[in-house]
Amino acid sequence: MRHYGHLTPARRRTLFHQEPAEFGPGSPVRTLGMALGATLYCPATRPRLAADIRKQTAAGVVSMVLCLEDSIDDGEVIGAEENLVRQFGELRREVAPGDLPLLFIRVRRAAQITDLTTRLGESAALLTGYVLPKFTPATGPAFLEALTAAEVLSGRRLLAMPVLESPELLHLETRAGGLTATARLVDKYRERIPAVRLGVTDFCAAYGLRRSPDMTAYDVHLVASMIADVVNVFARADGSGYTVTGPVWEYFRAQERMFKPQLRSSPFSGRAEELRARLIEHDMDGLLHEIVLDHANGLMGKTCIHPSHVAPVHALSVVSHEEFSDAADILSTGLGGGVLRSAYTNKMNEVKPHRAWAERTMTRAEVFGVARDGVDFVDLLTAGIG
């Protein structure tokens, strides 16, 4: 699979200076963590789940989470498990594994990991791994030990994405110790962890908060401080870090607005005014703003609960030609350092401080591609929406 693989080769050539590379469940975990993009969550109770997965694949989704946890009622779990097993069987009969997104199951309990892997049987070949909710130093070992057992049962690699969302990781008096202990635990399974996910909705719930569509997660200072601490512990650029994914955007229908739209008209002027109006109508301007802030704060990819959120996440993940030019210049210079004027003559590139950024940018360029000079996020968004 590849990002923008749902477009024709000719269309991709018009958009990309360097096209997105192919990847799959067997790719290195660091590559997969960067490549997750917009991870679309879907309740495991959906009666046409297999058809939904095929539909979203055709629309450009490359990673999905089939949820047995918070998205379904407690009384629906048994039926949802049965539905998952049945729908995976249908997918296995009708679709080649290489034609599917990265598929993860979000469980409630560790025992579900081994149980579901056993019940899936040969259909487990379609499964990339499991999402581990409310992950802490206390709950994490059972989840990860169950993952190891499931690998033995299935005879193949299974990945895990822990979700940091528990109050003990948020509360000031236990935060530093909890995050540090969680990082030590996760490090023991580094080759099975493509990304660490953030459960911002649960963090807000611990204090009775909910952000409006006029606000990003970074406007809620309690949440913003938590994101900063998670990045501090889990996303260092010294080789020890993981991909940390962005928080969910909860809105997908028009709400009554208190503040002006956040999307300037000039990027859309003369070519995509209708698209801008549609984005604002469905509160996507707030989503776009939050994605930009995610990247600025060290996060990559995003939890998504609606298909309309996928294209904005991917459009803003593509490396611009200017970013690629800067990163290439920095990495082509020796380790001795120095300062370069950018090829776009609008900034300085300081070789030593900017080197880690350049390396990260090149990894992103590999999986999301590099836009042609003159192609911007509006062009990519328009192409992604179709």
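Please refer to the structure placed before this passage.
Just so it is clear, the model here is predicted, and its values are computed rather than measured.

1. Details of the layout of surface pockets
By volume, the second largest pocket amounts to about 640 Å³. Lining the second largest pocket are 26 residues, with Tyr 41, Cys 42, Ser 71, Val 248 and Ile 305 positioned closest to its centre. Those elements that provide at least two residues to the lining of the second largest pocket are strand E2 (38–43), helix H3 (49–58), strand E3 (63–67), strand E7 (195–198) and helix H9 (200–205). Broken down by element, the lining of the second largest pocket gets its largest block of residues, four residues, from E2. Grouping the constituent residues of the lining of the second largest pocket by class yields 12 nonpolar, five polar and nine charged.

2. Section: helix H8 (residues 172–187)
Between its first and last C-alpha, H8 extends 23 Å over 16 residues, near the 22 Å set by a 1.5 Å rise per residue. Listing the buried residues of H8 in full gives Arg 175, Gly 178, Leu 179, Ala 181, Thr 182, Ala 183, Leu 185 and Val 186. Packed against the buried residues of H8 are helix H6 (140–154), strand E6 (159–164), helix H7 (167–170) and helix H10 (221–234).

3. So, the sheet that holds strand E8 (residues 243–244)
One open sheet holds the eight strands; their spatial order is E8-E7-E6-E5-E4-E3-E2-E9, and the pairing between them is parallel. Of all strands in the sheet, those bounded by a partner on one side alone are E8 and strand E9 (302–304). In this sheet, strand E4 (residues 102–106) lies alongside E3 in parallel orientation, the contact comprising five bridges. Pairing of Met 64 across the sheet is with Leu 103, part of E4. Here H3 sits on the sheet and contacts E2, E3 and E4; the angle it forms with E3, its principal contact strand, is near 160°.

4. A short note on the packing of helix H14 (residues 321–331) against helix H15 (residues 351–368)
Where H14 meets H15, the closest approach of the two axes is 8 Å, and the angle between their N-to-C directions is 125°. Between H14 and H15, the angle is such that the two are oblique. As H14 runs across H15, the sense of the crossing is left-handed. On H15, the residues touching Glu 323, Phe 324, Asp 326, Ala 327, Ala 328, Ile 330 and Leu 331 of H14 are Val 351, His 354, Arg 355, Trp 357, Ala 358, Glu 359, Thr 361, Met 362, Arg 364 and Ala 365. For the contact of H14 with H15, the class distribution of residues is 10 nonpolar, two polar and five charged.

5. Some thoughts on the pattern of salt bridges
Inspection of the entire model under this criterion finds 28 salt bridges. With a shortest N-O distance of 2.9 Å, Arg 12 and Glu 19 are connected by a salt bridge. Exposure remark for Arg 12: the relative accessible area of 9% places this residue in the buried category. Using a relative accessible area of 26% as the deciding quantity, one classes Glu 19 as partly exposed. As a salt-bridge pair, Asp 70 and Lys 134 come within 3.2 Å of each other at their nearest N and O atoms.

Cut-offs and rules
Residues numbered from 1 in each chain as written. Predicted model: local features only at pLDDT ≥ 70, side-chain atom pairs only at ≥ 80, totals over all residues. Heavy atoms only, no water. 1 Å grid on protein atoms, 1.4 Å probe; cavity = no way out; pocket = protein on both sides within 12 Å on 5 of 7 lines; lining within 4 Å. Points joined across faces, edges and corners; volume = space filled by probe spheres on them. Helix = DSSP H or I, 4+ residues; strand = E, 2+ residues; numbered from the N terminus. Nonpolar A, V, L, I, M, F, W, Y, C, P; charged D, E, K, R; others polar. Expected span 1.5 Å × (residues − 1). Buried < 20%, exposed > 50% of the residue type's maximum accessible area, 1.4 Å probe, protein only. Contact = heavy atoms within 4.5 Å. Pairing = 2+ DSSP bridges. Axes fitted to C-alpha atoms, helices over the stretch in contact; angles between N-to-C directions. Parallel < 35°, antiparallel > 145°, perpendicular 65-115°, else oblique. Left-handed = near helix turned anticlockwise from the far one by under 90°. Salt bridge = Lys/Arg side-chain N within 4 Å of Asp/Glu carboxyl O.

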